[in-house]
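# Inside the fold
Now for the letters of each chain:
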Amino acid sequence: MIKVGIIGAGFMGRTHGDAYNKLDDVQLVGIASRGQEKARKYAEDYHCTNYPEAEELIKHPDVDIIDICLPTYLHEQYVIMAASHGKHILCEKPFSLTLESADRMLAAVRKAGVKFMIAQVLRFWPEYMKIKEFYDNGSLGKVRVLYANRLAQFPDWGTWFQDVEKSGGALFDLHLHDIDYVRYLMGPVKSVYATGKQDDNGAWNHVVSVLNFVNGAKAVAEGSNKMTPGYPFTMSLRAVGDQGTVDFNFSAGFNLEERDTAVNNLVLYRKEHSPEVVDVEQKDAYLNEIEYFVDCVKNDKNPKVVTPEQSKEVLEIVHTIKDSLENGEVIDYQG
Ligand SMILES: NC(=O)c1ccc[n+]([C@@H]2O[C@H](COP(=O)([O-])OP(=O)(O)OC[C@H]3O[C@@H](n4cnc5c(N)ncnc54)[C@H](OP(=O)(O)O)[C@@H]3O)[C@@H](O)[C@H]2O)c1
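Everything quoted here is computed from the prediction, not taken from an experiment.

### Quick look at the overall build of the chain
- When helices and strands are counted, the chain shows ten helices and 15 strands.
- Taken against the 2.2 N^0.38 rule, which gives 20 Å for 335 residues, the C-alpha radius of gyration of the chain at 20 Å falls within 12% of a compact globule.
- Expressed along its principal axes, the backbone C-alpha trace of the chain runs to roughly 60 × 45 × 40 Å.
- When contacts within the chain are restricted to residue pairs at least 6 apart in sequence, those whose partners lie at least 24 apart make up 67%.

Spelled out as structure tokens, the structure:
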């Protein structure tokens, strides 16, 4: 039996709690969060114990995995605390907001020798997994152009999102998902150029980036959390290859919580074939991600689908995008 403690009883804390509850051989031991009313309700709903002090849950001898679902600016503090108590750690994305912070976290988990994964959920999202399969099995041929987007209304469930020092704005909170995925698919990045809109608080909340890859491919990615009220949560990806094109379009209600009723389609176009609407087996991506991490812990394997080093590299690329947003130039990525 793998025993889990979750830190943070908000949107992701509940999403992860739902996933653990669906797994055999996993027990959700406790929740620690700030607002005690929310935490007590969480403990009641998920049949676990509320720990008003996060460290009490983190150091509990029964707990194998600490799952960090806190606002981004708190990731470092709790990852380092969990590592110092020898716990395996799943931490929500983004890794952190600065590279120095990510380095401190990496040093702590390496010293502790624990399993550590940043929850880059697109790598576990059935349609994105299928696109990766098409890419890897040659269905698309050589992919030279990609377009990805992630468009949302402003997250209204946590005030910390408004503080760029705590969330990093849409650039780090939302756009980073697509940067992670296109890097996963296409390999190392050579240079970036980005343009966008910066809000009065300094947050880049609508960004368009162009990434040039070492293999010659180009990706255009757009990310925004400032869409007009009523605009559905939208994500899409198109990969154009010399043998085929794949087109994914997803459009839900206000937020991902309505993902079960979303418009969701994946179409594969290939030379000398009729366009094929791909039937993708549906499974919740967060469940896939958590099942994978639990399996790594159970079987003493280091996570390979997302490594901390890759997540650190993605954070570096996003910082390079920020530099380009600020000075309007194409910047070589010196990864
Ligand atoms: N992978 C994805 O698709 C995805 C989607 C959304 C968010 N995220 C990431 O997940 C993380 C959490 O986001 P969220 O949307 O779940 O945020 P959220 O709904 O605001 O939840 C954050 C939780 O942390 C608690 N908290 C805040 N400060 C704390 C403190 N000092 N000590 C202990 N608990 C504290 C909050 O308590 P209160 O209720 O008292 O404020 C709240 O319950 C972020 O890093 C975000 O970028 C990922």
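Having seen it, we continue.
### Examining the packing of helix α4 (residues 75-84) against helix α5 (residues 99-112)
- Packing of α4 against α5 brings their axes to within 8 Å, and their N-to-C directions diverge by 10°. Regarding the angle of α4 to α5, the classification is roughly parallel. For the pair α4 and α5, the contacting residues are Glu76, Val79, Ile80, Ala83 and Ser84 in the first and Ser101, Arg104, Met105, Ala108, Val109 and Ala112 in the second.
- Of the residues assigned to the contact of α4 with α5, the class counts are seven nonpolar, two polar and two charged.

### Some details on the sheet that holds strand β6 (residues 116-119)
- Taking strand neighbours across the sheet as the criterion, the six strands line up as β3-β2-β1-β4-β5-β6 in an open arrangement whose pairing is parallel. Of all strands in the sheet, those with a lone pairing partner are β3 (49-50) and β6, marking the two edges.
- Bridge analysis of strand β2 (residues 26-32) against β3 gives two bridges, and the strand direction is parallel. Within the sheet, the bridge partner assigned to glycine 30 lies in β3 and is threonine 49.
- Its contacts with the sheet put helix α1 (residues 11-21) on β1 (2-7), β2, β4 (65-68) and β5 (88-92), and the angle it makes with β2 is roughly 160°.

### Some remarks on the sheet that holds strand β9 (residues 204-213)
- In spatial order, the strands read β14-β13-β12-β11-β7-β10-β9-β8-β15; together these nine strands make up an open sheet with mixed pairing. In the strand order of this sheet, the two ends are held by β14 (276-277) and β15 (331-332), each with one partner.
- Pairing between strand β8 (residues 189-198) and β9: nine bridges, direction antiparallel. Opposite valine 189, over in β9, you have phenylalanine 213 as the bridge partner.
- Sheet strands touched by helix α6 (residues 126-136): β7 (143-151), β11 (234-241), β12 (244-251) and β13 (263-270). Its angle to β12, the strand with the most contacts, is close to 175°.

### Some points on the nonpolar core
- With 99 residues, the main nonpolar core has Ile7, Ile68, Val79, Ile89, Val182 and Val318 as its most contacted residues.
- The element contributing the most residues to this core is helix α8 (residues 169-186), with ten residues.
- Split by domain, the residues of this core number at least three in each of domain 1 (2-114) and domain 2 (122-282 + 316-332).
- The residues touching isoleucine 7, leaving out its near neighbours within four places in the chain, are Ala32, Ala54, Ile66, Ile68, Cys69, Leu70 and Tyr78.

### Notes on the site of the ligand
- Around the ligand, the structure places 23 residues, and the nearest of them are Gly10, Met12, Gly35, Glu92 and Gly158.
- The dominant element in the shell around the ligand, judged by the number of residues it contributes, is α1, at three residues.
- Residue assignment places the shell around the ligand across two domains, with domain 1 (2-114) and domain 2 (122-282 + 316-332) each supplying three or more.

### Observations regarding the domain arrangement of the chain
- Split into domains, the chain comes out as domain 1 (2-114) and domain 2 (122-282 + 316-332).
- Between the C-alpha centres of domain 1 and domain 2 there is a distance of 27 Å.
- Residue classes in the side of domain 1 that touches domain 2 are distributed as six nonpolar, two polar and one charged.

### A look at α6
- Looking at α6, one finds that the buried residues are Glu127, Tyr128, Ile131, Phe134 and Tyr135. What you see down the axis of α6 is that its buried residues fit within an arc of 115°, all on one side. Seen from the buried face of α6, the exposed residues on the opposite side, beyond 90 degrees, are Glu133 and Asp136.
- Against the buried residues of α6 lie β7, α8, β11, β12 and β13.
- Immediately beyond the C-terminal end of α6, within one or two residues, lies glycine 138, with a positive phi of roughly 85°.

What counts as what
Residues numbered from 1 in each chain as written. Predicted model: local features only at pLDDT ≥ 70, side-chain atom pairs only at ≥ 80, totals over all residues. Helix = DSSP H or I, 4+ residues; strand = E, 2+ residues; numbered from the N terminus. Rg over C-alpha atoms; globule rule 2.2 N^0.38 Å. Contact = placed C-beta atoms within 7 Å. Axes fitted to C-alpha atoms, helices over the stretch in contact; angles between N-to-C directions. Parallel < 35°, antiparallel > 145°, perpendicular 65-115°, else oblique. Nonpolar A, V, L, I, M, F, W, Y, C, P; charged D, E, K, R; others polar. Pairing = 2+ DSSP bridges. Core = buried A, V, L, I, M, F, W, Y, C linked by C-beta atoms within 7 Å. Buried ≥ 20, exposed ≤ 12 C-beta atoms within 10 Å, placed from the backbone. Domains from an automatic or database assignment. Near = placed C-beta within 6 Å. Arc of directions from axis to C-beta.

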